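A structural walkthrough
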Amino acid sequence: MVDYSRKWWALAAVGSGTFMATIDGSIVNIALKTIQDSFKAEFHSVEWVVLCYLLTIACLLPTMGRLGDMFGKRRIALGGFAIFTIGSALCGLAWNIQTLIAARVLQGVGAAMLQGVSSALLVMAFPASERGQALGYIGSIVAAGILAGPVLGGILLRYTTWPVIFLVNVPIGLAAIALTLRALPDDQTRSTQRFDIGGAIILAGALLMLLYALTEGQAWGIGDWRTITLIIGGIIGLIGFVFWEQRAPAPMIDLSLFRNPSFSLSLVASFASFVALSFNFLLMPYYLQEVLGYDPQRTGLTLIASPIVLALISPVSGRLSDRFGARWLGVIGLAISASGLLSMATLTQQSSQFDIILRLMWLGLGIGLFQSPNNSMTMGSVPRTALGIAGSLLAVMRTLGQTTGIAIAGAVWAVLVTSAAGRTFTPITSAPPDALVYGIHGAMMLAALLAALGILPALARPVTPSAGPQTARPA
């Protein structure tokens with residue numbers, strides 16, 4: 001019988017890693033200008049401080065999830081904390097932009113190890129009747145990291161130097177290692193299978209090409225040969241990965257998992273939701289600053305409305321999904337998200353801050369109602385031997401969705417603004433405010449449509465997730 005007496009300690013251990021990884025991203029974004037001035041670096045080089053971290057995480061997530069299933073999730077988590085902490089220390093000691101980027105890659109390796117097994121560790125630590133609640137608390141911790149990052153980053157940059165924003169992770173990482181050793185049971189296993197190195201390389205390469213194309217394609221242009229080549233290469237890589245896995249004696253991802261509609265349709269719904277929500281994350285700051293003339297501080301205080309509601313709603317929606325099931329909560333959450341995004345398409349050059357906050361709060365309610373039940377259904381639809389890879393695929397869907405959404409939102413907004421203004425502006429934010437608003441209206445209507453389309457896979461899922469595919473191969 002599984003011992004659940006240390007479940008809250010387990011939540012603290014997993015949550016500390018989630019909080020550390022989340023807050024690190026938002027703090028770094030605030031410090032980019034300071035880092036650029038300190039190293040006298042080109043802006044494109046400084047962009048790689050963020051980009052290399054995100055690409056490393058996304059490409060390694062499935063590998064880390066699989067390694068957790070094969071050799072023990074606690075072992076991977078401990079290694080992730082150690083590598084992330086060492087990487088953070090090296091970031092703070094970096095003497096030029098190149099060494100900082102290299103240290104950020106190391107940080108990304110540690111973050112991938114943590115994110116690849118975090119959901120699986122929680123599912124193992126809590127009874128099935130409390131799975132949604134536990135994953136809901138993680139949603140609150142993510143929102144808290146988003147909220148705390150800009151505030152803590154601003155304070156640290158005001159009173160200290162930029163290396164401190166990385167060095168602050170060191171004591172947090174050491175405390176997290178101690179918590180993990182105390183709270184999480186040793187699930188070390190002796191796998192009789194060989195790790196699928198070929199599959200891992202093919203999948204990582206395909207994800208790298210797709211994500212790099214979507215990220216840099218915003219600067220190159222969607223029709224640029226480099227963007228098209230990388231997208232085609234990434235798609236070919238994914239197809240090749242499927243063929244490889246079908247013939248591998250010990251595949252990295254057991255493709256039979258996708259025969260379970262609760263699992264596969266939940267991943268599709270997650271991807272659609274993050275594509276749609278990325279429109280809001282990208283365009284609302286521009287609307288507030290370029291159209292309404294808000295300063296960065298007022299912009300930040302306005303935008304925290306969604307994360308605050310998300311932090312409050314996630315545990316509640318998780319608990320409700322434990323009691324009543326995840327299917328309809330997810331559908332309702334996506335419907336509210338779609339209506340929230342559609343409400344953004346009615347903003348004007350005279351909209352009040354209170355009016356904007358109400359719309360953002362409504363959107364945060366939709367996100368909170370959808371994510372915890374959807375994640376719970378995904379993790380509850382696979383056998384325990386596949387929890388690591390399932391959690392890592394959820395994280396991959398989030399990253400792919402956000403990257404795809406930002407690329408589409410930027411391209412659509414630029415086209416619509418140019419059409420409304422009658423000529424091209426460089427940068428696009430120098431266009432007249434009425435053209436910027438017109439572009440936001442069209443982009444947000446598309447985002448609402450994408451969120452509404454996400455309702456289809458969420459609605460098509462079984463009311464109660466199955467226990468997991470019976471054909472799944474043991475690790």
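As the structure is a prediction and not an experimental result, all values here were calculated from the model.

Criteria and cut-off values
- Residues numbered from 1 in each chain as written.
- Predicted model: local features only at pLDDT ≥ 70, side-chain atom pairs only at ≥ 80, totals over all residues.
- Heavy atoms only, no water.
- Salt bridge = Lys/Arg side-chain N within 4 Å of Asp/Glu carboxyl O.
- Helix = DSSP H or I, 4+ residues; strand = E, 2+ residues; numbered from the N terminus.
- Buried < 20%, exposed > 50% of the residue type's maximum accessible area, 1.4 Å probe, protein only.
- Patch = residues over 30% accessible without salt bridge, like charges linked within 9 Å, V, L, I, M, F, W, Y side chains within 5 Å.
- Areas by Shrake-Rupley, 256 points an atom, 1.4 Å probe, with all protein chains shown as cover.
- Contact = heavy atoms within 4.5 Å.
- Axes fitted to C-alpha atoms, helices over the stretch in contact; angles between N-to-C directions.
- Left-handed = near helix turned anticlockwise from the far one by under 90°.
- Nonpolar A, V, L, I, M, F, W, Y, C, P; charged D, E, K, R; others polar.
- pLDDT = per-residue confidence, 0-100.
- Core = buried A, V, L, I, M, F, W, Y, C linked by side-chain atoms within 4.5 Å.
- Phe/Tyr/Trp six-rings, centres within 6.5 Å; stacked < 30°, edge-to-face > 60°.
- Lys NZ or Arg CZ within 6 Å of the ring centre and 35° of its normal.
- Expected span 1.5 Å × (residues − 1).

Some details on the pattern of salt bridges
Under the definition given, this model contains four salt bridges. Linking lysine 7 and glutamate 130 is a salt bridge whose minimum nitrogen-to-oxygen distance equals 2.7 Å. Of the two residues, lysine 7 sits in helix 1 (residues 7-39) while glutamate 130 sits in the loop between helix 4 (97-125) and helix 5 (131-159), which places them 123 residues apart along the sequence. With its nearest N and O atoms 2.9 Å apart, the salt bridge here joins aspartate 224 to arginine 226. A relative accessible area of 17% means that aspartate 224 is categorised as buried. Take arginine 226: its relative accessible area is 32%, and that puts it in the partly exposed class.

A look at a nonpolar patch on the surface
Taken together, the side chains of Ile86, Leu90 and Leu93 make up a nonpolar region of the molecular surface, amounting to roughly 300 Å² of accessible area. Along the chain, the position of leucine 90 falls in helix 3 (residues 73-92).

Concerning the environment of leucine 459
On the secondary structure map, leucine 459 appears in helix 17 (residues 455-460). Distance in space between the C-alpha atoms of leucine 459 and isoleucine 332 is 9.8 Å, their sequence separation being 127 residues. With residues up to four places along the chain from it excluded, the contact list for leucine 459 reads Arg327, Trp328 and Val331.

With respect to the packing of helix 12 (residues 305-324) against helix 14 (residues 353-380)
The geometry of helix 12 relative to helix 14 is characterised by a closest axis approach of 7 Å and an angle of 35° between their N-to-C directions. Between helix 12 and helix 14 the crossing geometry is right-handed. Packed against helix 12, whose contacting residues are Ala305, Ser306, Val309, Leu310, Ile313, Ser314, Ser317, Gly318, Ser321 and Asp322, the element helix 14 presents Ile357, Leu360, Met361, Leu363, Gly364, Leu365, Ile367, Gly368, Leu369, Ser372, Pro373 and Ser376 at the interface. Its residues assigned to classes, the contact of helix 12 with helix 14 comprises twelve nonpolar, nine polar and one charged.

Here we look at the confidence of the model for the chain
Mean pLDDT over the chain works out to 84, with 93% of the residues at or above the 70 mark. Across residues 465-475, confidence stays below pLDDT 50; counting only partners more than four residues off in sequence or on other chains, it has 40 contacts.

Some details on the side chain of threonine 18
Mapped onto the secondary structure, threonine 18 falls in helix 1. Relative accessible area serves as the criterion here: at 14%, threonine 18 is assigned to the buried category. Those residues within four positions of threonine 18 in sequence are excluded, and the remaining contacts are Ile138, Ile141 and Val142.

Observations regarding the nonpolar core
Grouped together as the largest cluster of nonpolar side chains are 58 residues, with contacts concentrated most on Leu122, Ile253, Phe263, Met379, Val382 and Leu387. Of all the secondary structure elements, the ones that give two or more residues to this core are helix 1, helix 2 (43-71), helix 3, helix 4, helix 5, helix 8 (197-220), helix 10 (261-291) and helix 15 (387-421). Broken down by element, this core gets its largest block of residues, eleven residues, from helix 4. In terms of nonpolar packing, the next biggest core, distinct from the first, is built from 38 residues, Met344, Leu347, Phe425 and Met444 among them.

Concerning the packing of aromatic side chains
Considering all chains together, one arrives at seven aromatic pairs under this definition. Consider the rings of tryptophan 8 and tyrosine 137, whose centres lie 5.9 Å apart with planes at 75°: the pair is edge-to-face. Residue tryptophan 8 is found in helix 1, and its partner tyrosine 137 is found in helix 5; the two are separated by 129 residues along the sequence. Given a relative accessible area of 42%, tryptophan 8 falls into the partly exposed group. What makes tyrosine 137 partly exposed here is its relative accessible area of 24%. Relative to tryptophan 162, the ring of phenylalanine 39 lies with its centre 5.4 Å away and its plane at 70°, an arrangement referred to as edge-to-face. Residue phenylalanine 39 is found in helix 1, and its partner tryptophan 162 is found in the loop between helix 5 and helix 6 (164-167); the two are separated by 123 residues along the sequence. The structure contains a cluster of three or more aromatic residues connected by ring pairs, namely Trp8, Phe126 and Tyr137. Of note, arginine 182 hangs over the ring of tryptophan 9, and the distance from its end group to the ring centre comes to 4.4 Å.

Some thoughts on the environment of isoleucine 455
Tracing the backbone through its elements, the reader meets isoleucine 455 in helix 17. Once the C-alpha coordinates of isoleucine 455 and cysteine 91 are considered, the two residues, 364 residues apart in sequence, prove to be 42 Å apart. The contacts of isoleucine 455, once residues within four sequence positions are left out, are Val331, Leu334 and Ala335.

Concerning helix 13 (residues 327-344)
End to end, helix 13 covers 26 Å across 18 residues, agreeing with the expected 26 Å (1.5 Å per residue, within 8%). Of all 18 residues making up helix 13, 13 are buried, and the element is well covered by its neighbours.

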